[in-house]
Every structure is written in C-alpha cells, then in structure tokens.
Amino acid sequence: MSKRPTIYATMMTVANVMSIRSTCVRRKVGCVITDIHNQILATGYNGVPKKWTHCTAKPCPGANYQSGMGLDQCVAVHAETNALIQCSNIDKAHHIYITTAPCISCVKALINTPIMHIHYSHDYADTNASHQLWSHSDSRRTFGKLVITGG
C-alpha cells in the first residue's frame with residue numbers, strides 16, 4: 001500500500017514538472033506559488049523572454065558559465081520571476097516551491113510579496129546569502145530545503 005504524498009512533496013513535484021518546460025541549457029528550474037492552503041496560484045520556469053530564440057536552439061552568451069557565474073551574460077528570465085508575473089492575485093501568495101534555491105535578485109523580488117515560506121530542493125551558488133537576506137526581511141519567514149523521500 002503506497003502512502004499519499006505530502007502537500008510539500010506534491011507541490012515540489014509540480015515544480016519539477018514545470019522545470020521540464022525550461023529552455024535554459026545551463027539549469028532547468030521550475031516554480032509554484034500557492035496560497036496559505038497550498039492551492040496553486042501560478043507556475044513558472046526559466047527561459048528566454050517571449051519571442052526570443054530559445055537557448056536550446058541557440059545558446060545565449062551565458063550558457064557556458066558555471067552555475068551562479070556570468071549571470072549578466074545569461075538572458076533567461078528566472079522561474080520565480082515568471083511565476084510572479086503570471087500570478088493574478090499576488091496578495092494571496094503564501095508559499096513558493098522552487099526546484100533550486102532562489103538567487104539574491106529573486107529573493108529581493110519575493111521580499112516585496114506576502115510570501116512567507118520558500119521551499120526548494122537543490123542548493124544554488126549563493127543559497128546562504130539568499131537565506132540570510134530572506135530571514136532578515138521578517139523573522140516569521142522561512143527558507144528551507146525540502147528533502148523528499150519515497151512515499
């Protein structure tokens with residue numbers, strides 16, 4: 001008899017599925033924004049701006065840099081940014097599930113929302129700095145790595 005997955009595992013699975021849509025050749029990231037009841041408000045994945053040639057077809061200048069480096073050369077819009085743009089009711093946002101910890105720039109954007117909990121599954125180059133910035137914004141906010149085991 002299989003166990004029902006937790007809501008956290010379910011939302012991270014949705015974020016992982018969204019990452020499949022990514023057009024970035026360097027890293028595939030998916031994101032889900034939910035309300036306090038974990039009802040999905042928006043999804044996003046990283047990739048070039050609309051109407052641009054996808055990096056999967058023609059890699060951008062940042063494609064060959066290591067993760068977290070050469071960000072000014074990368075033309076991808078981050079998954080979190082795409083989800084925020086798509087979110088029609090940001091005032092209800094409470095959780096964000098991301099396949100990779102958010103970068104400093106995305107944390108700055110997320111601080112300006114009512115989101116209280118960042119959940120991620122993989123570290124990023126500056127995860128500690130992102131965590132510190134997020135925690136400094138409001139002591140009630142949480143920033144945590146989800147470890148999903150079988151189930």
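Novice: Help me understand the overall build of the chain in this model?
Specialist: Looking only at helices and strands, one finds 4 helices and 5 strands in the chain. Seen in sequence order, the chain has helices and strands lined up from the N terminus as α-β-β-α-β-α-β-α-β. Here the C-alpha atoms of the chain give a radius of gyration of 15 Å, agreeing with the 15 Å that 2.2 N^0.38 yields for 151 residues. With the C-alpha coordinates of the chain rotated into their principal frame, the extents come out at 45 × 40 × 30 Å. Counting only residues that meet the buried cut, the chain has 43% of its 151 residues in that class. Contacts in the chain between residues far apart in sequence, at least 24 positions, make up 61% of those at least 6 positions apart.

Novice: For this particular structure, what's the right way to read the state of the cysteines?
Specialist: In a disulfide, the sulfur atoms of two cysteines are held together by a covalent bond. Inspection of every chain in the model, using the stated rule, returns 0 disulfides. Here C31 stays unpaired: no disulfide links it, and the sulfur of C106, its closest cysteine neighbor, is 8.5 Å away. The thiol of C74 is unpaired, and the distance to the nearest cysteine sulfur, on C60, comes to 4.4 Å. Looking at C74, the relative accessible area reads 18%, which means it is buried.

Novice: Just checking my understanding: could you explain the packing of aromatic side chains for this structure?
Specialist: One pair of aromatic rings is described through two measures. These are the centre distance and the angle between the planes. One pass over the full model with this rule turns up 2 aromatic pairs. Residues Y8 and Y97 carry aromatic rings whose centres are separated by 6.4 Å and whose planes lie at 45 degrees to one another, so their mutual orientation is tilted. With Y8 in helix α1 (residues 7–19) and Y97 in strand β3 (residues 95–100), this pair connects stretches of sequence that are 89 residues apart. According to the relative accessible area criterion, Y8 is partly exposed, its value standing at 36%. For Y97, a relative accessible area of 0% puts it in the buried group. Between Y120 and F143 the ring centres are 5.3 Å apart and the planes differ by 55 degrees, which places this aromatic pair in the tilted class.

Novice: What is the right way to look at the sheet that holds strand β1 (residues 30–34) in this model?
Specialist: Remark on secondary structure: sheet strands pair via backbone hydrogen bonds, oriented parallel or antiparallel. Spatial ordering of the open sheet is given by β2-β1-β3-β4-β5, a layout of 5 strands whose pairing is mixed. Both outer strands of the open sheet, β2 (40–45) and β5 (142–145), are each paired with one neighbouring strand and no more. The sheet shows a mean angle of 15 degrees between the axes of neighbouring strands, direction not considered. Where β1 and β3 come together, 4 bridges link them in antiparallel fashion. Residue pairing for β3: T34 is matched across the bridge by H95. Contacts from helix α2 (residues 79–86) reach β1, β2 and β3 within the one sheet, and its direction differs from that of β2 by about 140 degrees.

Cut-offs and rules
- Residues numbered from 1 in each chain as written.
- Predicted model: local features only at pLDDT ≥ 70, side-chain atom pairs only at ≥ 80, totals over all residues.
- Heavy atoms only, no water.
- Helix = DSSP H or I, 4+ residues; strand = E, 2+ residues; numbered from the N terminus.
- Rg over C-alpha atoms; globule rule 2.2 N^0.38 Å.
- Buried < 20%, exposed > 50% of the residue type's maximum accessible area, 1.4 Å probe, protein only.
- Contact = heavy atoms within 4.5 Å.
- Disulfide = S-S within 2.5 Å.
- Phe/Tyr/Trp six-rings, centres within 6.5 Å; stacked < 30°, edge-to-face > 60°.
- Pairing = 2+ DSSP bridges.
- Axes fitted to C-alpha atoms, helices over the stretch in contact; angles between N-to-C directions.

From the geometry alone we can't say anything about function, so treat these as descriptive.
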